[in-house]
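# Observations on chain architecture
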Amino acid sequence: MTDILLQIGVSKLIISLGLAGVAWSIQRWRNQPFLSHPLWFLVLATLVLPSVVTVPVVDLPWIDASGFLATDAAVLDSGRMALQDGGTLEAALMAFLAENGRQGLILLWLLGSAIVLLWSLVRVRRFNALLRTASSQAPQEFQELASDISRKLGLATTPTILTTNAQLSPMVWWIGGKVRVVVPAVLLADADPQEVRWILAHELAHIRRRDHMVRWIEWVACVSFWWNPVAWWTRRNLRANEELCCDELVLNGFSPNPRSYANAILTVLDVLSTPPTLRPPAFASEADSGGRLDLIERRLKLIISGDSRARAPRSVRNTLRLAVLAVLPLGLVHCGSDDGTGSLDPDLTVVEAPTSDLEAVSKPYLTRIDEKVAAGKISAQDAARMRATIQGMNRRVRAGIESGEFTLEDVKPRMEGTFKGVFKPSGEGSAEGAEVASDLLRARLAAEGRRLKAAVDAGKMTDEEAVAEYKQFEQRMRRRMGGSEGR
């Protein structure tokens, strides 16, 4: 389960980064919110979709058979012994992370999500309580104005309009039940009636577009993937494009004077310039663009220039929707370890690691270590070093067997030689262990050579390509197996 969650997390990060890059490029290239908004929404949608399909990927040289970072057993052992030998806390911490890194990452992920979830719910509860105590239904004239605007926007029902004494931005608020539009009372009192009309129209445009529902998708994505900066960056850009889309909807639906509409935005900013201004929680769709001056400037330029009125042909919008639907299933996919079914060479057969046989080879030596500790013949530190050597060898052999590069019988004599060597005085068993590692390296290189030769004979690659790939494989294997020499 730990490996699957990590695979899902990494896959979601890669997919969201790629999609966000496309959305950002389109936004910079065209500067058309009707194009950018669906693409930013797609990023969040792929994050919240459950990953139920596993796509095998080839094994990476820095990943061991268990799916996590490959780490030399001796390094782990030296780190484990660091505190007992008077070493640094950093070495011991690195050893702990190397051995328990996957579980630690998952624990950190879940703990962070729990904190973000709890904090966001506390803020929602407090804000909703504030609205209940500091808000009231707007006067009848504003309700009637909202009804008229709602009809023109095609809304089936008119949302409740609330006025509040709290210093906050006009917004749409929905946590279930009825959708409410909240407007500060000072704005209704001081603003020009025409400006109030455009402010209400903008907020109702959010409801017409169902942006209040998108807030929940944002929330789930940011709680679940709080560690993914792409989620927060996407949230920021999605909201920015929502504001531009609502401007477009109001300008095309009501044909206001551009300067009058722009003045309504400036009036909101002027009212909110008096501190303290409350920052509403995640479920609010605000009218002031979150106070972002760059976006406000962009909005005003588009409004005054008339570019906000530009609408894409229906065919372009439909094509974009189909493209989004076609890409959306990426959110159901995550990449997992290659189990052999995705091998590039169909003639290769992956041998399942005989875990029980491996354990049978190493178990007598592990039992012998326990007996020596119980008899007081070796220290706990020496026992930990011995176990680390045996377990490290088991991991390397298991990886080679699973990849089909050799069988257990091929390396069993060398394994036993290494295991016997751990009981010798320090230094005597090192040469024997190095020889085993060299044998493993030679076996892997030989298997890769056979695979590449078969590919050349079948016409799948040229001799030059095979030589280059072999050299790259050899470099990876030498790094992975500690730089063992020899062929």
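Residues numbered from 1 in each chain as written. Predicted model: local features only at pLDDT ≥ 70, side-chain atom pairs only at ≥ 80, totals over all residues. Heavy atoms only, no water.

Bringing the overall build of the protein into the picture now. When you go through the protein residue by residue, the secondary structure sums to 17 helices and seven strands. Expressed as a percentage of the 487 residues in the protein, the buried residues total 44%. Split by element, the accessible area of the protein, about 25200 Å² in all, is 59% carbon and sulfur. (Helix = DSSP H or I, 4+ residues; strand = E, 2+ residues; numbered from the N terminus. Buried < 20%, exposed > 50% of the residue type's maximum accessible area, 1.4 Å probe, protein only. Areas by Shrake-Rupley, 256 points an atom, 1.4 Å probe, with all protein chains shown as cover.)

This next bit is on the confidence of the model for the protein. Across the protein, pLDDT averages 78, with 76% of residues at or above 70. Taken element by element, the predicted model of the protein shows its lowest mean pLDDT in helix α3 (residues 73-80) (45) and its highest in helix α8 (residues 211-224) (95). The low-confidence segment residues 58-88, where pLDDT is below 50, has 59 contacts with residues more than four positions distant or belonging to other chains. Confidence drops under pLDDT 50 across residues 483-487; counting only partners more than four residues distant or on other chains, this segment forms 16 contacts. (pLDDT = per-residue confidence, 0-100. Contact = heavy atoms within 4.5 Å.)

Bringing the sheet that holds strand β3 (residues 160-164) into the picture now. Read from one edge of the open sheet, five strands run β2-β3-β5-β4-β6, paired in mixed fashion. Only two strands of the sheet have a single partner each, and these edge strands are β2 (135-137) and β6 (284-286). When strand polarity is set aside, the average angle formed by the axes of neighbouring strands in this sheet is 30°. Across five bridges, β3 lies against strand β5 (residues 180-184) in parallel orientation. Bridging across to β5, I161 finds its partner in V181. (Pairing = 2+ DSSP bridges. Axes fitted to C-alpha atoms, helices over the stretch in contact; angles between N-to-C directions.)

In terms of residue burial, β5 counts as a mostly covered element, since four of its five residues are buried. Inspection of the sheet shows strand β4 (residues 171-173) paired to β5 by three bridges, in the antiparallel sense. Looking at the pairing, W173 lines up with R180 of β5. Here β4 folds back onto β5, and the loop between the two strands holds six residues, one of which, G176, carries a positive phi near 110°.

We now examine a nonpolar patch on the surface. A cluster of nonpolar residues, V10, L13 and I14, forms a patch on the protein surface that exposes about 260 Å² of accessible area. With respect to the helices, strands and loops of the structure, L13 is situated in helix α1 (residues 2-30). (Patch = residues over 30% accessible without salt bridge, like charges linked within 9 Å, V, L, I, M, F, W, Y side chains within 5 Å. Salt bridge = Lys/Arg side-chain N within 4 Å of Asp/Glu carboxyl O.)

In this structure, K178 sits in the loop between β4 and β5. For the pair K178 and P159, spaced 19 residues apart in sequence, the C-alpha to C-alpha distance is 7.2 Å.

Looking now at the packing of helix α5 (residues 140-153) against helix α7 (residues 193-208). Viewed as axis vectors pointing N to C, α5 and α7 meet at an angle of 50°, and their least axial separation amounts to 10 Å. Here α7 runs oblique to α5, going by the angle between their axes. Both α5 and α7 take part in a crossing whose hand is right-handed. Here F142, L145, A146, D148, I149, S150, K152 and L153 of α5 lie close against α7, whose contacting residues are V196, R197, L200, A201, L204, A205 and R208. Within the contact of α5 with α7, the residues separate by chemical class into 10 nonpolar, one polar and four charged. (Parallel < 35°, antiparallel > 145°, perpendicular 65-115°, else oblique. Left-handed = near helix turned anticlockwise from the far one by under 90°. Nonpolar A, V, L, I, M, F, W, Y, C, P; charged D, E, K, R; others polar.)

Counting residues in each nonpolar core, the largest one holds 38 residues, and the members touching the most others are I149 and L204. Elements supplying a minimum of two residues to this core: α5, β5, α6 (185-190), α7, α9 (229-254), α10 (258-272) and α11 (293-305). The element best represented in this core is α7, accounting for eight residues. (Core = buried A, V, L, I, M, F, W, Y, C linked by side-chain atoms within 4.5 Å.)

With that settled, consider the pattern of salt bridges. The full count for this structure, using the stated rule, is 15 salt bridges. Between R151 and D148 there is a salt bridge; the shortest N-O distance is 3.6 Å. Of this pair, R151 and D148 both sit in helix α5, three residues apart, which is roughly one turn of the helix. Look at D148 and you get partly exposed, because its relative accessible area is 22%. Two residues, E448 and R451, come together in a salt bridge whose shortest N-O distance is 3.1 Å. Placement of both E448 and R451 in helix α16 (residues 430-457) is noted, with a separation of three residues, approximately one turn of the helix. Residue classification places E448 among the buried positions, given a relative accessible area of 9%.

A few words now on the environment of W226. Mapped onto the fold, W226 is located in the loop between α8 and α9. Spatially, the C-alpha atom of W226 lies 8.1 Å from that of W109, the residues being 117 residues apart in sequence. Apart from residues lying up to four places away in sequence, W226 is in contact with L108, W109, G112, S113, V116, A221 and W232. At 3.4 Å, the side chain of W226 and the side chain of S113 are in polar contact. (Polar contact = N/O pair within 3.5 Å; in protein donor to acceptor, adjacent residues only side chain to side chain.)

Turning our eyes to something else, we now look at the state of the cysteines. Per the counting criterion, the structure on display carries zero disulfides. C246 forms no disulfide, and the closest cysteine sulfur to it belongs to C245, at a distance of 7.1 Å. Under the relative-accessibility criterion, C246 is labelled buried at 0%. (Disulfide = S-S within 2.5 Å.)

This brings us to the side chain of S285. On the secondary structure map, S285 appears in strand β6. A distance of 2.8 Å separates the side chain of S285 from the side chain of R215, its partner in a polar contact. Non-local contacts of S285, meaning those with residues more than four positions away in its chain, are made with P170, M171, V172, E203, H206, D211, H212 and R215.

On to unusual backbone geometry. Even without a glycine there, the phi angle at R210 is positive, about 65°. The residue R210 is located in the loop between α7 and α8 in this model. Positive phi outside glycine occurs at S255, with the angle close to 50°. Inspection of the secondary structure puts S255 in the loop between α9 and α10. The exposed category is assigned to S255, whose relative accessible area is 52%.

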